[in-house]
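Observations on the three-dimensional arrangement
Residue strings, one per chain:
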Amino acid sequence: MEQTLVILKPSTVMRGLMGEVISRFEKKGLIIAGMKMIQLNDEILAEHYSHLVSKPFFPMLKRSMMESPVVVMCVRGVEAVSVVRGMTGATNSRKAEPGTIRGDFSMSGQQNIVHASDSVENAEIELNRFFKKEEIFEYGADNYKYLYAEDEF
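Note that the coordinates shown come from a computational prediction; the quantities given were computed from them, not determined experimentally.

**Concerning helix α2 (residues 18-28)**
- Inspection of α2 places Val21, Ile22 and Phe25 among the buried residues, and these make up the whole buried set. The buried residues of α2 occupy one face: seen down the axis, they fall within an arc of 95 degrees. Structural note: α2 exposes Gly19 and Lys27 on the side pointing more than 90 degrees away from its buried face.
- Taken from the residues just after α2, glycine 29 is the one with a positive phi, measuring 110 degrees.

The structure is reproduced here in structure tokens:
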């Protein structure tokens, strides 16, 4: 089973959309293997967005990600990275399809509700950044037979 990182951004927390977004992942059949609320700081944001630090919009991005606590989640399932990315929709929410999380709940490229890992490799790096090994749990395998065909898991 793949695992991926999802961050419910301040735009989700402050608008009271946490439950709706989490519910979408659960209804899809993904397992929430770890979840906690944290306050992001300069150090972790510089590391997490290291590829954007030199961009002119980075200070604004950093401020917006520190406006409130965020919820970080480890989400597990078959092809979890691509499934979650598909569910979240285009980064610029104005271009996100209706039915996606961003398409239904956002109008912004930055205040776009969620972060989702973009590859299996980055998911592992990002999960290690936000979670200790003992904060990610193995459970739910009994339910796989109701979510997948036998040869899928």
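**Here we look at the environment of asparagine 128**
- Tracing the backbone shows asparagine 128 in helix α7 (residues 120-130).
- Along the chain, asparagine 128 and leucine 5 lie 123 residues apart, while their C-alpha atoms are 9.5 Å from each other.

**Regarding the packing of α2 against helix α5 (residues 80-88)**
- Two elements in contact, α2 and α5, have axes whose closest approach is 12 Å; the angle formed by their N-to-C orientations is 135 degrees. By the angle class used here, α2 and α5 are oblique. As α2 packs across α5, the resulting crossing turns out to be right-handed. Residues Arg24, Phe25 and Lys28 of α2 form the contact with α5, whose participating residues are Val83, Val84 and Met87.

**Focus: the sheet that holds strand β2 (residues 31-38)**
- Spatially, four strands are ordered β2-β3-β1-β4 in an open sheet, and the strand pairing comes out antiparallel. A single partner strand is all that each edge strand has here, and the edge strands are β2 and β4 (114-116). The average undirected angle you get between the axes of adjacent strands in this sheet is 20 degrees.
- In the sheet, strand β1 (residues 2-8) pairs with strand β3 (residues 70-77) via seven bridges, with the strands oriented antiparallel. Paired with glutamate 2 across the bridge in β3 is glycine 77.

Basis of the calculations
Residues numbered from 1 in each chain as written. Predicted model: local features only at pLDDT ≥ 70, side-chain atom pairs only at ≥ 80, totals over all residues. Heavy atoms only, no water. Buried < 20%, exposed > 50% of the residue type's maximum accessible area, 1.4 Å probe, protein only. Helix = DSSP H or I, 4+ residues; strand = E, 2+ residues; numbered from the N terminus. Arc of directions from axis to C-beta. Axes fitted to C-alpha atoms, helices over the stretch in contact; angles between N-to-C directions. Parallel < 35°, antiparallel > 145°, perpendicular 65-115°, else oblique. Left-handed = near helix turned anticlockwise from the far one by under 90°. Contact = heavy atoms within 4.5 Å. Pairing = 2+ DSSP bridges.

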